[in-house]
Amino acid sequence: MSGFVRRRLLWGSLLLAATLAVISAYARWAGATTREAYLSGWVLFGLMVLLTGYNWFKKIPYLPLGRSEVWLQFHIYAGLFTGVLFLLHVRGRWPTGWFEIVLTVLYVLVMVSGVLGILISRGWPKRLTARGGEVPFERIPIVRRQLREQAEALALNSVAEARSATIAEFHARRLHAFFAGPQNFLSHVFEIRLPLNALLNELGDLNRFLNEQERKVTAQLVTLVRQKDGLDYQHALQLTLRLWLFIHIPVTYSLMLCALAHIVLVYGFSAGVR
Amino acid sequence: MDTAHFVIDKPERWDSSFDPDMTEADVNRLLEIRPFSEMNSGKFSKRTPLRGILKNDARIRRFKNGEIIVRAGDYGSSAFLVLAGNARVVLDPGLPVSLLGQRKSQHKSLFQIVAQLWTNPRDPEVRTPAELEQDTGVKVGGEFKGVFLQDVPRILDEHLTATMSPGDFFGEIAALSRSARTSTIFAVGDATEMLEIRWQGLRDLLRFDDHLRHHIDRIYRERTLATHLREIPIFRRLNDEQLKRVIEQTQFGTYGDYDWSGDYKRLVKEGTRSPEKETIIAQEGDYPNGVVLIRSGFARLSQKFGHGHRTLNYLSAGSQFGLREIAHNWAHKDTVPFQHSLRVIGYTHVIVVPAPVMEEIVLPTVPRDQLPEFFTPAELAGTEQSESQQKLDAGAKIGPELMEFLTENRYFNGTSTMVIDMERCTRCDDCVRACASANEGNPRFLRHGQTTGRIMVANSCMHCADPVCLIGCPTGAIHRGQTGGEVVVNQATCIGCSICSNNCPYEAIRMVEIREEDGAFMVDKDMKPIVKATKCDLCSDQLGGPACERSCPHGALKRMDMNNLDSFAKWLQR
């Protein structure tokens, strides 16, 4: 059994055991007390504070608090466990009232963004590595500019060398925008090659109007287009790998603020409840 | 066809002499002093005459009272001959590290670690006065920017020392075997004069003059070899008499280029690295005439595969080659040749115990069950692999491509190489941010480097087993830490000469202009910026180990000892 499977089994078993324990305890408390929602609420809130703390943990790496890898595993499985607590807390019913709906929507957003984030964090690095030609994210604009300048130089020089503006016009019409910035974001995310193939087909079709010298230029342009497409692929995936946290974290803090307000409101309007 | 060529003069051996100020008069003076006066200049080659060696590979240095000549723990590339005055060698226990211009290894307290939350400066590369403060017992200065002991009489009172007088020779073992200096030697009085001979000159003197070679061999056999052989299990049962006989017949060999890092950088630029260009120490198929013990440096273990050679492993200091074949031949009537080839990677210093010595003296003392596994006919025919072969074949465990990658890029040198699994790394840069946080806002590595398949070796100090960066540091500012052997730079004694940075084959040391706490650049009296060497120190002052590794949420980054490929293989298959 590989270490990967062993770790998943261990954390999965812990999650299952915690789920079974909390469900059976809740069933017992539900009969004995009317304040079970308070208990589940506080446990849920405490766990959410711990989960939010992972973001702070990452900002103080010099504190000897163990490996981030272990804390992330805890974050994932404890995050899933909050789902169980949340369902018990709301007694499996759909929220009523706009504040409860806001709370629920924020919770679902945090959960969904977290699950999606983990899925892409596990799967997309393999895609990036398999595609090759990796460029550090900060250097992508520099490489893009170099490719754009090379393409422009090829198109401009072809006018003087071949005494024809066919390639230059094609560049102005189709390639200028392609090289100007990141393109086809969603196509890259969903691994769709249609936009690249369409552009390459257009470049291929152009060849029938070109002489031998110009065809050599288009061959070089095809190479640049492929390089730029690879760069856009790196950009799209690396950007998404960074951006999902920009959804997950702000929504988490919004949820925490709303949860605090929820606690204040609950205690403010709970007079007489035993 | 255009036949124009760019023509340059062929580089010569002595294009760059050790000291351009060495005069003929200096050389004449040296030739009248022992051991040079006893050398037969006719034995030297025309290309490297004795006079030429002394003029180009040696220099006369004058040391002031208390100036450290060699420092325990340093990696030096030259030997010294006392010409005039006296020097003292500090006997065990040596001087405290602070007196040697090095940094005391100590962790920050928990409060200091927490305080980093608010004490980390906003500007890069800020140094506080405390960080740049020298120990009161030492001073950096002098002609060669050396380190001076301030209170010599007290040191002489408090430490055991031995006197070195004119004619005494020292530092040759460390220079030739590329090992750390074992003692600190400092000058006593202002009239101490030394002849410093760089390793190239020392090598040629040994090659052409039996007298000096016998002298150094004798010292090496007396001081070092017995201890070294006693550490190897197969020699442990020898009694003193047997060990003496083994030592007498043991041969030494030095292969490759001592300055391999410079050559390696050139080869990388030219893109001409190739195993075929490496010097062969022992060749597959040859008669095994001795057990090769690697004393320092590295060697590539390879086996013929198709029309080329497949790297099985690389051997480092403490490894042996050929024992299995010799033990088999001793116990059987047939003769098994070397099953692998051993090639030099960079620089290798070896000890060879001849086969007859092994058969007559060593192997009879070894119990049968502790002898290496003998070859079976099936293994010799290549139809099955023995357990020994499987153990040796690290290439099969981590994959042949990765094995070649690690060898060709000399990554085997790393004891804490930063390896990143690119199929797990989400490129989040948490590792870079953690490194910066633990180093006052200054990241000490780049998350970028050579890649093969899913493995990237990032540009970070690997804390090499053979730390070429330590060679030539005039103040000993770059040194090994006392706790984990990590290579660290003492900011107080670093003079910003860039020797370490230029020596490092992996470009892991950066020279930076430092700032005061208010953000202004520090300058010297000529208004030139103060420059210091910076590099990864494995977070040696933090609790909990390297922040980069601890901060990776996906377990994609690991500091690996590349001499333990079993744990690397385990990590790859985790």
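Parameters at a glance
- Every chain begins its residue count from 1, and numbering advances along the sequence as written.
- Chain letters and ligand numbers both follow the written order, the letters beginning at A and the numbers at 1.
- Reporting in this predicted model follows two pLDDT cut-offs: at least 70 for local features of residues, and 80 or more for side-chain atom pairs to be given and counted; totals over whole chains, interfaces and linings ignore these cut-offs and use all residues.
- Working definition: the nonpolar core is a set of buried Ala, Val, Leu, Ile, Met, Phe, Trp, Tyr and Cys residues, joined through C-beta atoms within 7 Å.
- With C-beta atoms placed from the backbone, a residue is labelled by how many other C-beta atoms lie within 10 Å of its own: buried for 20 or more, exposed for 12 or fewer, partly exposed between the two.
- These domain limits were set by an automatic method or by a database of domain assignments.
- The contact rule is simple: place each C-beta atom from the backbone, and if two of them lie within 7 Å, those residues are in contact.
- Each residue receives one of three labels: charged for Asp, Glu, Lys and Arg, nonpolar for Ala, Val, Leu, Ile, Met, Phe, Trp, Tyr, Cys and Pro, and polar for the others, Gly being one of them.
- Helix and strand assignments follow DSSP, with helices taken as H or I runs no shorter than four residues and strands as E runs no shorter than two, numbered in order from the N terminus.
- What pLDDT reports is the predictor's confidence in each residue, on a scale of 0 through 100.

The next thing to look at is the nonpolar core. Proteins that are soluble and globular tend to have nonpolar side chains buried together. Residue and element names in this part refer to chain B. Counting residues in hydrophobic clusters, the biggest one holds 88 residues, and the most contacted among them are Val292, Ala299, Val353, Met418, Ile420, Cys469 and Ile478. Here this core spans two domains, since at least three of its residues come from each of domain 2 (210–394) and domain 3 (409–572). In contact with Ala299, other than residues within four places in its own chain, are Ile281, Ile294, Tyr314, Leu315, Leu342, Arg343, Val344, Ile345 and Thr348.

All names here are of chain A. We note that the domain assignment places domain 1 (3–131 + 248–268) and domain 2 (137–238) within chain A. Taking only C-alpha atoms into account, the centre of domain 1 sits 46 Å from that of domain 2. Contacts between the two partners involve four residues from domain 1, matched on the other side by four residues from domain 2. Looking at the side of domain 1 that touches domain 2 residue by residue, the class counts come to two nonpolar, no polar and two charged.

Turning to the domain arrangement of chain B, a few remarks are in order. Accessible area lost upon the coming together of the parts is a frequently used measure of interface size. All names here are of chain B. Annotation of chain B at the domain level lists domain 1 (1–95 + 159–208), domain 2 (210–394) and domain 3 (409–572). Secondary-structure elements contributing two or more residues to the side of domain 1 that touches domain 2 are helix H5 (172–177) and helix H6 (199–208). If one sorts the elements of the side of domain 1 that touches domain 2 by residue count, H5 sits on top with four residues.

Let us now look at unusual backbone geometry. Where the residue is not glycine, phi is negative for most of them; where a peptide bond is considered, it is trans in most cases. Each neighbour pair has its own omega, and for Arg34(B) with Pro35(B) the value is 0 degrees, a cis peptide bond. For Pro35(B), the location among the structural elements is in the loop between helix H1 (24–31) and helix H2 (50–56). Although it is not a glycine, Arg163(A) sits at a positive phi angle of roughly 50 degrees. Mapped onto the elements of the fold, Arg163(A) is located in the loop between helix H5 (140–162) and helix H6 (166–180). One non-glycine residue, Asp429(B), lies in the positive phi region at around 65 degrees. By the element assignment, Asp429(B) lies in the loop between strand E15 (417–421) and helix H16 (430–438).

It is worth spelling out the confidence of the model for chain A at this point. Counting all residues, the mean pLDDT for chain A is 91, and 97% of those residues have values of 70 or more. When mean pLDDT is compared element by element in chain A, helix H7 (residues 185–189) of chain A scores highest at 96, while helix H1 (residues 3–32) of chain A scores lowest at 87.

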